[in-house]
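Chains, contacts and geometry: an overview
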Amino acid sequence: MSSPSVWHKNYPVAQGNRQSPIDIVPHQALHDPSLGPVVLNYDQCTSMNITNNGHSVVVQFDDSDDRSVIQGGPLDNPYRLKQFHFHWGEKGCHGSEHTVAGNSYASELHLVHWNAVKYKTFGEAATAPDGLAVLVSLLHKTGDDHRWLHVITDALYMVKFKVSTTVNCFNPKCLLPSSLHYWTYLGSLTTPPLHESVIWIVLREPIIVSEKQLGKFRMLLFTGEEEDQRIRMENNFRPPQPLKGRKVRSSI
Ligand SMILES: Cc1ccnc(S(N)(=O)=O)n1
Ligand SMILES: [Zn+2]
């Protein structure tokens, strides 16, 4: 995984006008009363597998129909859940991509959805300005285990190297905080190809996870079993990017 500072050489859009992540400054966010609640319909278990794809750990979903969708909030259509993945650091409270008033969290969960009403495939949606919607849960490290995150962290040893294993019936709603109040802004993918196609919905309330649970992410490897180099997967986060005049709206 090359460093974010050189991505612009192969992906000039890295220096575009709607790049992600950003630093969210709460008192500068515009409260928009027209922003309704986000509505999550994840009840039909459609998770399929968990994969170490060499730069994060990803849980893929069956997105062949509208069983698992997000709608409402800033979205004009229902967006289909395709996958979720995490970003994390190597220690302490660094590892999230979005920061809040300059403060970073230990990790960040991205639930990636695509607009299957307007676009035929995820690939097509991923290049459209309203193609994707990513719901963000910030993971705050304190002492306690998160009661449901262990389902994921207990499976990580099976994908230590760049492999995949099945995960049945995991409803990611259990990884969200109790409050669905959010900030929202128009941005991009935070890893190449950095397409400016994402409506970001960042939940204000972090979830609480333990150092032990975070440690299990950090034992993942960027490298495959056959490679003799063992490179730990950590610090797979992009730092905040310039706002370039964008407005962040707040649901409350
Ligand atoms: C599916 C996908 C690809 C690249 N980057 C992202 S992210 N980190 O913006 O959610 N998601
Ligand atoms: Zn991500």
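So, how was this worked out
Residues numbered from 1 in each chain as written. Chains lettered and ligands numbered in written order. Predicted model: local features only at pLDDT ≥ 70, side-chain atom pairs only at ≥ 80, totals over all residues. Heavy atoms only, no water. UniProt positions renumbered as here; feature names shortened; annotations may be inferred. 1 Å grid on protein atoms, 1.4 Å probe; cavity = no way out; pocket = protein on both sides within 12 Å on 5 of 7 lines; lining within 4 Å. Points joined across faces, edges and corners; volume = space filled by probe spheres on them. Helix = DSSP H or I, 4+ residues; strand = E, 2+ residues; numbered from the N terminus. Nonpolar A, V, L, I, M, F, W, Y, C, P; charged D, E, K, R; others polar. Donors = N, O, S within 2.8 Å, 3.2 Å for Na, K, Ca; no water. Tetrahedral: all angles 85-135°; square planar, octahedral: opposite > 155°, others 65-115°. Buried < 20%, exposed > 50% of the residue type's maximum accessible area, 1.4 Å probe, protein only. Contact = heavy atoms within 4.5 Å. Polar contact = N/O pair within 3.5 Å; in protein donor to acceptor, adjacent residues only side chain to side chain. Patch = residues over 30% accessible without salt bridge, like charges linked within 9 Å, V, L, I, M, F, W, Y side chains within 5 Å. Areas by Shrake-Rupley, 256 points an atom, 1.4 Å probe, with all protein chains shown as cover. Salt bridge = Lys/Arg side-chain N within 4 Å of Asp/Glu carboxyl O. Lys, Arg positive; Asp, Glu negative; His and termini not counted. Charge placed at Lys NZ, Arg CZ, Asp CG, Glu CD.

- For the protein chain, an unreviewed UniProt entry supplies the name Carbonic anhydrase and the organism Mastacembelus armatus.
- Its UniProt record, at the heading Cofactor (unreviewed entry), says of the protein chain: "Zn(2+)".
- Per UniProt, the protein chain carries the Catalytic activity (unreviewed entry) text "hydrogencarbonate + H(+) = CO2 + H2O".

1. Things to note about the layout of surface pockets
- Each pocket or cavity is described by its volume, and for the largest pocket that value is around 500 Å³.
- Around the largest pocket, the lining comprises 28 residues; the ones closest to its centre are His55, Gln83, His85, Thr191 and Pro192.
- Of all the secondary structure elements, the ones that give two or more residues to the lining of the largest pocket are helix 1 (7-10), strand 5 (57-61), strand 7 (79-88), strand 9 (107-114) and strand 10 (132-142).
- Counting residues per element, the lining of the largest pocket draws most heavily on strand 7, which supplies 4 residues.
- Residue composition of the lining of the largest pocket, grouped by class: 14 nonpolar, 12 polar and 2 charged.
- Reported here for the second largest pocket is a volume of approximately 160 Å³.
- Around the second largest pocket, the lining is made up of 13 residues, and of these Ser2, Pro4, Asn235, Asn236 and Phe237 lie nearest the centre.
- Partitioning the lining of the second largest pocket into residue classes produces 6 nonpolar, 5 polar and 2 charged.

2. Observations regarding the coordination of the zinc ion (ligand 2)
- Looking at the zinc ion (ligand 2), the protein donor atoms are His85 (NE2), His87 (NE2) and His110 (ND1), and they sit 2.0 Å from it.
- If you look at the zinc ion (ligand 2), its 4 donor atoms make angles of 99 to 116 degrees with each other, and the shape they trace is tetrahedral.
- Mapping the donors of the zinc ion (ligand 2) onto the primary sequence gives the spacing H-x1-H-x22-H.
- On the basis of relative accessible area, His85 is assigned to the buried category, the value being 12%.

3. Focus on the environment of Asp130
- With respect to the secondary-structure elements, Asp130 resides in the loop between helix 2 (122-125) and strand 10.
- Counting along the chain gives 56 residues from Asp130 to Leu186, while the straight-line C-alpha distance between them is 8.7 Å.
- In contact with Asp130, other than residues within four places in its own chain, are Tyr79, Asn115, Lys118, Tyr119, Ser197 and Ile199.
- For Asp130, the side chain forms a polar contact with the side chain of Lys118, separated by 2.6 Å.
- Here the side chain of Asp130 touches Tyr119 through a polar contact of 2.4 Å, side chain to side chain.

4. Focus: a negative patch on the surface
- A cluster of acidic side chains, namely Glu225, Glu226, Glu227 and Asp228, defines a negative patch on the protein surface.
- Secondary-structure assignment places Glu227 in the loop between helix 4 (211-218) and strand 15 (249-250).
- The class of Glu227 is partly exposed, set by a relative accessible area of 31%.

5. Details of unusual backbone geometry
- Omega for the bond connecting Ser20 with Pro21 falls within 30 degrees of zero, at -5 degrees, which places this linkage in the cis form.
- Tracing the backbone shows Pro21 in the loop between helix 1 and strand 1 (23-24).
- The linkage connecting Pro192 with the following residue, Pro193, adopts the cis geometry, with an omega of 15 degrees.
- One can find Pro193 in the loop between strand 12 (182-187) and strand 13 (198-203).
- Its identity is not glycine, yet Leu194 carries a phi of approximately 60 degrees, on the positive side.
- Within the secondary structure, Leu194 is located in the loop between strand 12 and strand 13.
- Classification of Leu194 by relative accessible area gives buried; the value is 0%.
- A positive phi angle, near 50 degrees, is found at Lys244, a position not held by glycine.
- Along the chain, Lys244 turns up in the loop between helix 4 and strand 15.
- On the accessibility criterion, Lys244 (44% relative accessible area) is partly exposed.

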